[in-house]
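# Residue-level structure breakdown
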Amino acid sequence: MRKPTATITESDALKRMAAYCSQSERCRSEVEEKLQRLELPEEAIERILARLEEEKFIDEARYCKAFVNDKLRFSGWGKRKMAQALQQKHISRLVYQPAIDGIDEVAYEAALRKALAQKERSMKAEITGYQRKVKLMHYGQSRGYSFEELRKFIDLSSVDDSIMDD
């Protein structure tokens, strides 16, 4: 195993990470990954992260609110996909769940309607109503929306529920 060699001082790394965090909201795991690429010792990385959190350069609750807002507005993601992405960033459910629960339902339903409408416009005209509904359900679920959320906007009266359940 290669011994880490610091090519940058701890104070320079702190300044660099403070500037990085000032550009946009960042979570702890993103900053930690960047620090590891600088090949700093683990103790130095922990001290830098603690200092950035202490000085509010890193605030995971604030990050989650911004992340959820951006993913809803710009990407049209559902709550499930947002939660999964935040979990992959090693953020605790206790931290991200309030941000997800705080989503405005009107904006959420508007994003879902917009995503489904865009998908429907892109579908071939020759597919049947049944195929259209199945494709919309699969697309909606891939975007992170639950079956119950999708059911509100897609008429499933002619579709067998057992096909749709995950």
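Bear in mind the structure is a predicted one, so any value in this text is a computation, not a measurement. (Residues numbered from 1 in each chain as written. Predicted model: local features only at pLDDT ≥ 70, side-chain atom pairs only at ≥ 80, totals over all residues. Heavy atoms only, no water.)

### Points about the packing of helix α7 (residues 105–122) against helix α8 (residues 129–142)
Packing of α7 against α8 leaves a shortest axis separation of 10 Å and a crossing angle of 135°. Accordingly, the angle class assigned to the pair α7 and α8 is oblique. Remark: the crossing between α7 and α8 carries right-handed chirality. Residues A115, L116, K119 and E120 of α7 pack against R132, L136 and Y139 of α8. The residue inventory of the contact of α7 with α8, partitioned by class, reads four nonpolar, no polar and three charged. (Axes fitted to C-alpha atoms, helices over the stretch in contact; angles between N-to-C directions. Helix = DSSP H or I, 4+ residues; strand = E, 2+ residues; numbered from the N terminus. Parallel < 35°, antiparallel > 145°, perpendicular 65-115°, else oblique. Left-handed = near helix turned anticlockwise from the far one by under 90°. Contact = heavy atoms within 4.5 Å. Nonpolar A, V, L, I, M, F, W, Y, C, P; charged D, E, K, R; others polar.)

### Section: the side chain of E149
For E149, the location among the structural elements is in helix α9 (residues 147–151). Of the side chains bearing the opposite charge, K79 lies closest to the buried E149, which forms no salt bridge; the N-O distance is 4.7 Å. From its side chain, E149 meets the backbone nitrogen of S146 in a polar contact 2.8 Å long. Once residues within four sequence positions are removed from consideration, E149 is found in contact with K79, Y108 and L112. (Buried < 20%, exposed > 50% of the residue type's maximum accessible area, 1.4 Å probe, protein only. Lys, Arg positive; Asp, Glu negative; His and termini not counted. Salt bridge = Lys/Arg side-chain N within 4 Å of Asp/Glu carboxyl O. Polar contact = N/O pair within 3.5 Å; in protein donor to acceptor, adjacent residues only side chain to side chain.)

### Some details on the pattern of salt bridges
All chains considered together, the criterion is met by 11 salt bridges. Between E25 and R62 there is a salt bridge, with its nearest N and O atoms 2.8 Å apart. On the criterion of sequence distance, the pair formed by E25 in the loop between α1 (10–23) and α2 (28–37) and R62 in helix α4 (residues 60–75) is long-range, its members being 37 residues apart. Overall, the relative accessible area of 28% leaves E25 in the partly exposed class. In this structure, R37 and E33 form a salt bridge, with 3.1 Å as the shortest nitrogen-oxygen distance.

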